[in-house]
Number of protein chains: 2
Amino acid sequence: MKSIRINEVGPRDGLQNESSPISVEDKIVLIQKLVEAGLKSLELTSMVSPKAIPQLADAQDVLNKLEVQSSFHGSVLVPNEKGMERLLPLTKTKPFISTVAVFTAASESFTQQNIRCSIEESLQRFESVCNLAKNNGLRIRGYISTSFYCPFEGRVDPAKVLPLARRLLDMGCYEVSIGDTIGKAVPKEIEEVFSLLTSVIDPNLLAGHFHDTYGMAIANVEQALRLGVTSFDSSVGGLGGCPYAPGASGNLATEDLVYFLDHMGFDHGVDLQTLMKATSFIQSKVHHAMPSKVFQALRGSIK
Amino acid sequence: MKSIRINEVGPRDGLQNESSPISVEDKIVLIQKLVEAGLKSLELTSMVSPKAIPQLADAQDVLNKLEVQSSFHGSVLVPNEKGMERLLPLTKTKPFISTVAVFTAASESFTQQNIRCSIEESLQRFESVCNLAKNNGLRIRGYISTSFYCPFEGRVDPAKVLPLARRLLDMGCYEVSIGDTIGKAVPKEIEEVFSLLTSVIDPNLLAGHFHDTYGMAIANVEQALRLGVTSFDSSVGGLGGCPYAPGASGNLATEDLVYFLDHMGFDHGVDLQTLMKATSFIQSKVHHAMPSKVFQALRGSIK
């Protein structure tokens, strides 16, 4: 049975889009429940400017107060050296903070809008972040947003993604996550981009980060699996709206991914029933329905 | 460019699940808007007992008053000879009523619950319906519900589906629609059932009827396409709840199917923008959000 790695991004990518304030204590309970469900890789929060994303202004507090019994890989998004300086002291007492996440994008306009610099400048910023991570024994995970479609430029040339993935791997990333940020891609486009990437990169060094905005995410996961990809990002309940399509769903829901992998015969270590307890918990805090179709269909059966 | 046939089931399979009463006039406007969008095959209503399904008690009235300029294949679900007697006079003045739809299921318990007879008895009922249809120059379309999972029996043996499909084709069906009635199937199971079927049946005589209850429908369409299936059922907006999972979505949304086929490079004749005008119209009548992810993402852009 082939083993798949699931990287849960709900506590960061999901909650940063929520308008209801979520307390530090509730964020900690959510993370604990997700680890209980068997998730071994979780993006916990981000060291972005609290002004830019007030939802994650409590990042240091969450990490400081978080206590988890089981071992897992916790990652923290770090945009620059300043963020790294805030994070490093915490890693000394919190061994679960094993991973630093850095992100760029395959579209210049998106990178300018999102992080106010060019793609090249974003990579230069990461050089120092990555060196600090390596010197402190931390793993580095890379993201490439808008690897298929850009909300400003439309379809992105797959040839732009490959050199970025190689650069991130050369900088020390153990894995690069290829993002369909606005969820417009279909399996044909997944095949175009991932075929090009896997022609020179081991597919085990790549992850698929698919959004379900147009309902294509599961079909895209299946296409990536066919090309040997063994790692996928997803978000509890499907948390994480898409700012370019109000009301539309964002990240692929972890429940939908787990249901699919279970029934397709892949091993992944996550228990759907326990996971849905985490979903129920966070649903009661964000005060809206969860986009996850599997959660909607099965929530009545949570034991 | 490979051509795909879409069979729109919203006016029947969708509206029969709605609690808000929809007027005859509104049903007619919906059908007209769907035909305007380019749909060439539509299931219009059903000749079931008005006591069993009050939502479709106006079936004869809808067909009588419906006027459509463009040509299309309209089908009507006919459960028995009595239903056929109600339908036949209408076919004399309404040339768009070209097709009779009959349905059975691959699970005995479901058939008993759904149409109060055994699978064998349901097929015997269809003999006279099919003979009447043929004698009156009507096409016959067959459905096999619960071809993958049964809400009472769980996983259905694929070997039960094959003889039913052959029997329906022998009775004169031009196409048999293979239904994942509760939406639990994943591509692996689509492959099992359709590989068995297409080992002896031309895939052009089969259709996929997938529900999106667990978010698997598009991945299932893709799998069926790989096996040569060229016809799919879907419902405008995703109308048609699943009675076994309250609140969960039912039929694959036509918008999601059209988006997928457009971007995968298949020809189908439906215009997504015009289709979404039909979706907006019926949304205003059923008074709830449409499950279609594509409609949710794009409804702001309807021109």
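Before any of the text, the structure's been laid out above.
Residues numbered from 1 in each chain as written. Chains lettered and ligands numbered in written order. Predicted model: local features only at pLDDT ≥ 70, side-chain atom pairs only at ≥ 80, totals over all residues. Heavy atoms only, no water.

> Sorry if this is basic, but what is going on with helix α7 (residues 158-170) of chain A here?
For an α-helix, 3.6 residues make a turn, and residues three or four places apart therefore share a direction. All names here are of chain A. For α7, with 13 residues, the first-to-last C-alpha span of 19 Å sits near the 18 Å given by 1.5 Å per residue. Taken together, the buried positions of α7 are Pro158, Val161, Leu162, Leu164, Ala165, Leu168 and Leu169. Along its buried surface, α7 packs onto β4 (97-105), α6 (119-135), β5 (139-145), β7 (154-155), β8 (175-180) and α8 (187-198). The backbone nitrogen of Ala159 has a side-chain oxygen 3.0 Å away, supplied by the residue at the start of α7, namely Asp157. Immediately beyond the C-terminal end of α7, within one or two residues, lies Gly172, with a positive phi of roughly 115°. (Helix = DSSP H or I, 4+ residues; strand = E, 2+ residues; numbered from the N terminus. Expected span 1.5 Å × (residues − 1). Buried < 20%, exposed > 50% of the residue type's maximum accessible area, 1.4 Å probe, protein only. Contact = heavy atoms within 4.5 Å. Polar contact = N/O pair within 3.5 Å; in protein donor to acceptor, adjacent residues only side chain to side chain.)

> Would you mind going over the relation of the copies chain B and chain A with me for this structure?
The second copy of the chain is related to the first by a rotation about an axis and a shift along the axis. The two copies are related by a screw operation: chain B maps onto chain A through 180° of rotation and 0.0 Å of translation along the axis, at an RMSD of 0.0 Å. Read as a symmetry element, the transformation amounts to a two-fold axis. Considering only C-alpha atoms, the part of chain B nearest the rotation axis is Ala219 of chain B, at 2.1 Å. When the interface residues of chain B are mapped onto chain A, 100% of them are again interface residues, pointing to one common binding face. (Least-squares fit on C-alpha atoms with pLDDT ≥ 70 in both.)

> Quick question: what am I supposed to make of the pattern of salt bridges here?
When the charged atoms of two side chains with opposite charge come close together, those side chains can pair. Enumeration according to the criterion identifies 28 salt bridges over all chains in this entry. We note a salt bridge from Glu175 of chain A to Arg141 of chain A, for which the minimum N-O separation is 2.7 Å. Of the two residues, Glu175 of chain A is situated in strand β8 and Arg141 of chain A in strand β5; the sequence distance between them amounts to 34 residues. With relative accessibility at 2%, the residue Glu175 of chain A sits in the buried group. The exposure class assigned to Arg141 of chain A is buried, which follows from its relative accessible area of 1%. Note that Arg12 of chain B is salt-bridged to Glu43 of chain B, the shortest N-O span being 2.5 Å. Placement of Arg12 of chain B in helix α1 (residues 10-14) and of Glu43 of chain B in strand β2 (residues 41-46) is noted, with a sequence separation of 31 residues between them. Considered together, Arg12 of chain B and Glu43 of chain B belong to a single accessibility category, that of buried residues. Each of Arg5, Arg141, Glu175 and Asp233 of chain A takes part in one network of salt bridges that share partners. (Salt bridge = Lys/Arg side-chain N within 4 Å of Asp/Glu carboxyl O.)

> Mind showing me how you'd approach the packing of helix α9 (residues 217-226) of chain B against helix α10 (residues 254-264) of chain B here?
Helix packing geometry: the angle between the two helix axes and the distance between the axes. Residues and elements named next belong to chain B. At a closest axis distance of 11 Å, the pairing of α9 and α10 adopts a crossing angle of 45°. In terms of orientation, α9 lies oblique with respect to α10. Between α9 and α10 lies a crossing whose hand is right-handed. For the pair α9 and α10, the contacting residues are Ile218, Val221, Glu222 and Leu225 in the first and Asp256, Leu257, Phe260, Leu261 and Met264 in the second. Across the contact of α9 with α10, the residue classes tally to 7 nonpolar, no polar and 2 charged. (Axes fitted to C-alpha atoms, helices over the stretch in contact; angles between N-to-C directions. Parallel < 35°, antiparallel > 145°, perpendicular 65-115°, else oblique. Left-handed = near helix turned anticlockwise from the far one by under 90°. Nonpolar A, V, L, I, M, F, W, Y, C, P; charged D, E, K, R; others polar.)

> Teacher, can you tell me more about the side chain of Thr99 of chain B here?
All names here are of chain B. Looking at where Thr99 falls in the secondary structure, it is placed in strand β4 (residues 97-105). Polar contacts involving the side chain of Thr99 include one to the side chain of Arg139, which spans 3.1 Å. Sequence-distant contacts of Thr99, defined by excluding residues within four places in its chain, comprise His73, Gly74, Ser75, Val76, Leu138, Arg139, Ile140, Arg141 and Tyr174.

> Sorry if this is basic, but what is going on with the nonpolar core here?
Note that soluble globular proteins tend to have their nonpolar side chains buried in a common cluster. The biggest cluster of nonpolar side chains holds 199 residues, and the ones touching the most others in it are Ile178 and Leu197 of chain A together with Ile178 and Leu197 of chain B. With sequence-adjacent residues up to four places away left out, Ile178 of chain A is seen in contact with Ile144, Ser147, Phe148, Val161, Val193, Phe194, Leu197, Leu206, Ala207, Gly208, His209 and Phe210 of chain A. (Core = buried A, V, L, I, M, F, W, Y, C linked by side-chain atoms within 4.5 Å.)

> Explain the environment of Leu227 of chain A here, please?
Checked against the element boundaries, Leu227 of chain A lands in the loop between α9 (217-226) and β10 (231-234). Apart from the residues lying within four places of it in its own chain, the contact partners of Leu227 of chain A are Ile190, Glu191, Phe194, Ser195, Thr198 and Pro203 of chain A.

> Sorry if this is basic, but what is going on with the pairing of β2 of chain B here?
A regular strand places its side chains so that they alternate between the two faces of the sheet. Residues and elements named next belong to chain B. Of all the 6 residues making up β2, 6 are buried; the element is thus mostly covered by neighbouring parts of the structure. Pairing geometry for strand β1 (residues 5-8) and β2, over 2 bridges, is parallel. Note that in β2 the partner of Glu8 across the bridge is Leu42. Alignment of β2 against strand β3 (residues 73-77), held across 5 bridges, turns out to be parallel. Following the sheet pairing, Leu42 is matched in β3 by Gly74. Where the polypeptide runs from β2 across helix α3 (residues 59-65) and back to β3, its parallel neighbour, the crossover connection is right-handed. (Pairing = 2+ DSSP bridges. Right-handed = clockwise from strand over helix to strand, strands pointing away.)

> Teacher, can you tell me more about the packing of aromatic side chains here?
Aromatic rings considered in pairs are described by the distance between their centres and by the relative angle of their planes. According to the stated counting rule, one finds 12 aromatic pairs over all chains in the structure shown. Considering the side-chain rings of Phe194 of chain A and Phe210 of chain A, the 6.3 Å spacing of their centres and the 80° angle between planes classify their relative orientation as edge-to-face. Pair noted here: Phe194 of chain A is in helix α8 and Phe210 of chain A is in strand β9 (residues 206-210), with a separation of 16 residues, a long-range link. Both residues of the pair, Phe194 of chain A and Phe210 of chain A, belong to the buried class. In this structure, Arg139 of chain A is placed above the aromatic ring of Tyr174 of chain A, and the distance from its NZ or CZ to the ring centre is 3.9 Å. When the ring centre of Tyr149 of chain B is taken as origin, the NZ or CZ atom of Arg155 of chain B, which lies over that ring, is 5.6 Å away. (Phe/Tyr/Trp six-rings, centres within 6.5 Å; stacked < 30°, edge-to-face > 60°. Lys NZ or Arg CZ within 6 Å of the ring centre and 35° of its normal.)

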